[in-house]
Amino acid sequence: MKCPFCSSENTRVIDSRPADDNNSIRRRRLCDDCGKRFTTYEKVETIPLIIIKKDNNREQYDRSKIEKGVLSACHKRPISVELITKLVDDVETQIFNKEEKEVSSSVIGEIIMDKLKDLDAVAYVRFASVYREFKDVNTFMNELKKMLV
């Protein structure tokens, strides 16, 4: 591992522990040449996941798109960043546990809606209204009625 300060390859690990998500390892390193310390993270390399969009285009999985959608749905709601991060982590885990190389965006949307339904009703309706592309008030009301049952 190269030192980010002096570019020396003469570094060593002085501490190693699991990171908060338990899916990576945090390592503290020391450069023997300049004496500075830095942190690295080691994570399992996963097979690239391809998302099949509604228009049948394919693109590589991007966690930030899920985060953006959930953050928008939770805007001005009493939901902590930790809860949002946990929700996104849970969605991501569920997607990757399918062990498929391609996943439909509709499957991801349904997983997100299931998680949001349990977290916050308003966030769920906001996400559903964009995801399901409600065309009029009646389709919106039908979705609300499903929640109330």
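Read on for a plain summary of the structure. (Residues numbered from 1 in each chain as written. Predicted model: local features only at pLDDT ≥ 70, side-chain atom pairs only at ≥ 80, totals over all residues. Heavy atoms only, no water.)

## Some remarks on helix H2 (residues 81-97)
If you check H2, its first and last C-alpha atoms are 24 Å apart, about what 17 residues at 1.5 Å a residue would give, namely 24 Å. Within H2 the residues assigned to the buried category are Ile84, Leu87, Val88, Val91, Glu92 and Ile95. Buried positions in H2, seen along its axis, are confined to an arc of 130° and lie on one side of it. Seen from the open side of H2, the exposed residues pointing more than 90 degrees away from its buried face are Glu82 and Asn97. Where H2 is buried, its residues meet helix H1 (63-73), strand S6 (102-104) and helix H3 (105-119). (Helix = DSSP H or I, 4+ residues; strand = E, 2+ residues; numbered from the N terminus. Expected span 1.5 Å × (residues − 1). Buried < 20%, exposed > 50% of the residue type's maximum accessible area, 1.4 Å probe, protein only. Arc of directions from axis to C-beta. Contact = heavy atoms within 4.5 Å.)

## Section: the pairing of strand S3 (residues 37-43)
Pairing of strand S2 (residues 24-31) with S3 involves seven bridges; the strand directions are antiparallel. In the sheet register, Arg28 faces S3, and the bridge partner there is Thr39. Linking two consecutive strands that pair antiparallel, namely S2 and S3, is a turn of five residues; a positive phi of about 80° is found at Gly35 within it. (Pairing = 2+ DSSP bridges.)

## Re the sheet that holds S6
Two pairing modes exist for strands in a sheet, parallel and antiparallel, and in both the strands are linked by backbone hydrogen bonds. Taking strand neighbours across the sheet as the criterion, the three strands line up as S5-S4-S6 in an open arrangement whose pairing is mixed. Of all strands in the sheet, those bounded by a partner on one side alone are strand S5 (58-60) and S6. Averaged over all adjacent pairs, the angle separating strand axes in this sheet is 35°, with direction ignored. For strand S4 (residues 50-52) and S5, the ladder comprises three bridges, and the chain directions are antiparallel. The residue bridging Ile52 from the neighbouring strand is Arg58, located in S5. (Axes fitted to C-alpha atoms, helices over the stretch in contact; angles between N-to-C directions.)

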